[in-house]
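# Coordinates in review
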Amino acid sequence: MHCPRTGLGSSRCPVLLFQGFGSGCCHDAGARAHGVRLSQSQKGQTRIRAPLILPLMKGTACLICAAHLSTDQRHQTQEEQELRWERLGRRRISSCFWGLQGSCVTVFLALPPLPKMLGRVLCTVLFVGALPSPAGASQGHISVILLGATGDLAKKYLWQGLFQLYMDQVSSGHSFTFHGAALAALEPGQRLMFDVLKKLSCPPDEPPNRCAVLKDQFLKLSQYHQLKTAEDYTALNREIETLLSQEGLQEAGRIFYFSVPPFAYTDIAGHINGSCRPRAGAWLRVVLEKPFGHDLPSAQQLAAQLAGFFREEEMYRVDHYLGKQAVAHILPFRDQNRQFLDPIWNRHHVERVEVVLKETVDAKGRTSFYEQYGVIRDVLQNHLTEALLFLIMELPANVSSAQEVVQHKLQALQALWGLQRSSAVLGQYQAYDSQVQEELPEARGHVSTTPTFAGVLIHSRSLRWEGVPFLLTSGKALDERVGYARVLFRNRAYCPQSGTLRDAGHSQCKPKQIIFYFGHGALNTPAVLVSRNLFQPAMPKDSWKEGGARSDLHIFGQPLSDFYMYSPVKERDAYSVLISHIYHGRKDFFITTESLLASWAFWTPLLDSTSRQPPRLYPGGVENQQLLDFEMVAGAVEFSLAEPAELLHPSGQMPNEFRAIQSQFRQSPLVSAWAEELIARLASDMEEAAVQSVARSGQFHLALSGGSSPVGLFQRLARHHHGFPWQHSHVWLADERCVPLTDSESNFQGLHRHLLQHVRVPYLNIHPMPVHLNRRLCVEEDGGAELYAQDIAALVANASFDLVLLGVGTDGHTASLFPRSEHGLEGAPTVVLTESPFKPHQRMSLSLPLINRARQVFVLVLGRGKHDITTLLSRVGREPHKWPISGVSPSSGQLVWYVDYEALLG
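Residues numbered from 1 in each chain as written. Predicted model: local features only at pLDDT ≥ 70, side-chain atom pairs only at ≥ 80, totals over all residues. Heavy atoms only, no water.

## Section: the overall build of the protein chain
For the protein chain, the count of helices and strands is 25 helices and 41 strands. Put simply, the protein chain has 906 residues, and 55% of those count as buried. Sequence-distant contacts in the protein chain: of pairs separated by 6 or more residues, those separated by 24 or more amount to 75%. As displayed, the protein chain offers around 39800 Å² of accessible surface, 51% of which is attributable to carbon and sulfur atoms. (Helix = DSSP H or I, 4+ residues; strand = E, 2+ residues; numbered from the N terminus. Buried < 20%, exposed > 50% of the residue type's maximum accessible area, 1.4 Å probe, protein only. Contact = heavy atoms within 4.5 Å. Areas by Shrake-Rupley, 256 points an atom, 1.4 Å probe, with all protein chains shown as cover.)

## Observations concerning the side chain of D782
Relative to the helices and strands, D782 resides in the loop between strand 36 (776-777) and helix 22 (784-795). Polar side-chain contacts of D782 include one of 2.5 Å to the side chain of R776. Residues contacting D782, with those up to four places away along its chain left out, are L773, N774, R776 and L787. (Polar contact = N/O pair within 3.5 Å; in protein donor to acceptor, adjacent residues only side chain to side chain.)

## Focus: the sheet that holds strand 10 (residues 174-182)
Pairing within the open sheet is parallel, and its six strands lie in the order 11-10-9-12-13-14. In this open sheet, the two strands that pair with only one neighbour each are strand 11 (222-226) and strand 14 (315-318). Strand after strand, the sheet turns through a mean of 20° between neighbouring axes, direction not considered. Two elements, strand 9 (residues 140-147) and strand 12 (residues 251-258), share seven bridges in a ladder whose sense is parallel. Within strand 12, the residue paired with I142 across the bridge is G253. Across the face of the sheet, helix 9 (residues 265-275) comes into contact with strand 9, strand 12 and strand 13 (283-289) while running at roughly 165° to strand 12. (Pairing = 2+ DSSP bridges. Axes fitted to C-alpha atoms, helices over the stretch in contact; angles between N-to-C directions.)

## Notes on the packing of aromatic side chains
Per the counting criterion, the structure on display carries 32 aromatic pairs. Both rings, one in Y166 and one in F178, keep their centres 6.1 Å apart while their planes meet at 90°; by these two values the pair is edge-to-face. With Y166 in helix 5 (residues 152-169) and F178 in strand 10, this pair connects stretches of sequence that are twelve residues apart. Taken as a pair, Y166 and F178 share a single burial class, namely buried. An aromatic cluster is present here, built from W159, F163, Y166, F176, F178, F218 and Y583 joined pairwise through their rings. In this structure, K409 packs its charged tip against the face of F390, placed 4.8 Å from the ring centre. Between K587 and the ring centre of Y316, over which it is positioned, the NZ or CZ distance is 4.6 Å. (Phe/Tyr/Trp six-rings, centres within 6.5 Å; stacked < 30°, edge-to-face > 60°. Lys NZ or Arg CZ within 6 Å of the ring centre and 35° of its normal.)

## With respect to unusual backbone geometry
Cis geometry is adopted by the peptide bond preceding P291, which originates at K290 and carries an omega value of 10°. Relative to the helices and strands, P291 is located in the loop between strand 13 and helix 10 (296-307). A positive phi angle, close to 50°, is found at C778, a residue other than glycine. Structurally, C778 is set in the loop between strand 36 and helix 22.

## Side note on the pairing of strand 14
Because side chains alternate across strand 14, one face comprises the buried residues M315 and R317, and the other comprises Y316 and V318, equally buried. Once the chain exits strand 13 it traverses helix 10 before rejoining the sheet at strand 14, and the crossover so formed is right-handed. (Right-handed = clockwise from strand over helix to strand, strands pointing away.)

## Side note on the confidence of the model for the protein chain
Low pLDDT marks stretches whose predicted atomic positions should not be read closely. With 81% of its residues at a pLDDT of at least 70, the protein chain reaches an overall mean of 83. Considering only residues more than four positions removed or in separate chains, one finds that residues 1-114, a stretch of pLDDT under 50, has 224 contacts. (pLDDT = per-residue confidence, 0-100.)

## Quick word on the sheet that holds strand 34 (residues 766-767)
The mixed open sheet is built from eight strands, whose spatial order is 29-30-41-40-37-31-32-34. Each having just a single partner strand, strand 29 (664-665) and strand 34 make up the two edges of the open sheet. Sheet analysis places strand 29 next to strand 30 (residues 668-673), joined by two bridges and oriented antiparallel. Paired with Q664 across the two strands is P669, which belongs to strand 30. Helix-sheet contacts for helix 21 (residues 747-754) involve strand 31 (700-704), strand 32 (729-733) and strand 34, and the interaxial angle to strand 32 is about 145°. Along the sheet, helix 22 makes contact with strand 31, strand 32 and strand 34, crossing strand 32 at roughly 155°.

## Focus on the environment of V447
Relative to the helices and strands, V447 is located in the loop between helix 16 (432-439) and strand 17 (453-458). For V447, a relative accessible area of 60% corresponds to the exposed category. In this structure, the C-alpha to C-alpha distance between V447 and Q437, residues ten residues apart in sequence, is 8.9 Å.

Below is the structure:
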């Protein structure tokens, strides 16, 4: 059989002649296997109407172009056609490819001799340029430069992701070249890189013939470069520019993927910015891998350095969890199910939110990295935080708008309460320290406190999520490998029937939850699960399929049949997804500089406060049992089981190594602990007093002192005590400086900043002291003190506060009652103007007799600076003119001292 001869009307297109064997070179089915569409001419001859890349045995690749032939051209013999092209100075490339049903392909390439790489690129350029492209897609050439091309990340994920991009976009209208770069010399680097490329694979549903063609072509479009110096980057740029110039290609853009340590970012960025930027009109996309700093200052420094070379829109910071299919589907799921979720996606219905990543592997082989970062920096600050933000952010009107999504995520992050040491529990598997000693010789003798497990409790100030606990947990050497984000809903139902008789779809007593399953674990696949007693979700059928109701698998103690379960129609690696988003310029799947710094600002205080905290040791694997279980207690978290005590000196301590702490101070109850624990106890006691008072009388009258000591207390009350009955509370001041209430020196201003603006106290229940009347401050004739006393008499039964919180100055003053004060230490229970030895000198204060009418008085003493006055007060009697605090003694109430160890013991 002799196939029709194909000639072209343009000298820029190659001419193709088929010489058929067997069933013929133009067999329809064989051609279609490679993406070629055939049509019949009027004479019954088969003509190719779409292009195809063919890998030729002589080491090149070419394009089969479609063309309308003139009658003269069609009837030329093969020898005449060859002679015609030789006269035009073109070269002939002839080879056989036994893919099209056993056909032999003869190709004439209508081009002058070119360098090997350029010839390969041009064939591909012609190929992709001839295909129809999606509406709105820009045309042009894209150069992808992978820095660190022979590293572990590149070997495991990045080259496969780039190959997937090529497979997906080969018909997009863009042409590609792929440049692997590293510090290794050309020959060994090239060998290492191509060893990786030869192992690339296609998805299971990809036809084997097409896979072989595309893989071969991808290898031909890839080459290795040694990039060490500025001259190397200049040479790379020159090579790209030569290709564009000689082939007359328009440059669409360049992608530089930094798969290198962050310490190398600045030098590389300088080289790219100085000599390797694309032409004007083409885009630049620089992809950065974590870690992006170690804490807030280091992240700020790195961000400032990169900002000197790249614009914000050019930088794509990768968090590969944003490419995981279950994580990436959180926002679309919320958007597509608004009608079901809007009424229940709030604090009234959600019990808690969990984001978890558990690993069975340990850190062996990576201790040099892990010693610098630990589990919080490695997983919680980035992966788990990003997944949490997708769950709790306000849903934008358009979830396809990258700008709106980024802005709403940032707002959700900024609404989170700050973290304290009591917000986390930390652990370390027992073998970790010996692994550090083995792998880091310089660490010998050093006892590592780096956590390999962390559980962190987070709260939000937003109205939607106030009071809802968010739990982030991750660790190594745990019992299973699994990751998920879980929203657990409140269940108010009571069902008297046996659980075995309940229908999962109708029983309201079964747990209600939505789970975004990242992968691994019992399911071993990404999935979205919704309890059948919630609703049947809307899911895109082209990308998610419903799974069967299996009762042999259990998730969180429930059979899988209790859930509507959906898994991806086609599983994709996270890096393949993200590389596709980079190609399309989707910034909402990446971390902006502003969001990065906001995240580090949120996590750095916890990292600082726990840097020297010994983590709980755990054996690893299933042997951990309940050792890492933790629970929420008064807005904090703590391990459920007490850690086994271990004597540091087994031989026994000497008696002088102990100091006894009495349970009383000045004949009143004493509570003592480290400052953070003490404040937590005080806040809990205040909440308990408030609840009891509201139960007794329907309201709670609280008088608060100013100064620096109660700031931590105010913040804790706002962040962690969501059961405090603020709606029934009246907030008064025990004293005030005579400055405008908006002044930073004002006690009321500090109280408002740290507490009142964050809780729901009715406006009329807030009672600032009237120090600013008639545009004057604390003038006796204005009667501000008398007005406040009248308000107290009118609103507080018997002028007896339910609770007064006081502090102690180093001179023994309390509230604004100072030693040798002329007013307020004796006499009637009222409000007085006083003089302070410290600026501002004028003050307003509750008098000592008014304070002593309170039901309860709590005195908070913090810090080593208060040790001397604490010691003095423990020895003196009641002498309020010398030490006003010594005169505090409620006539019919209780006085409790809260003194931290530093103030008590020095």
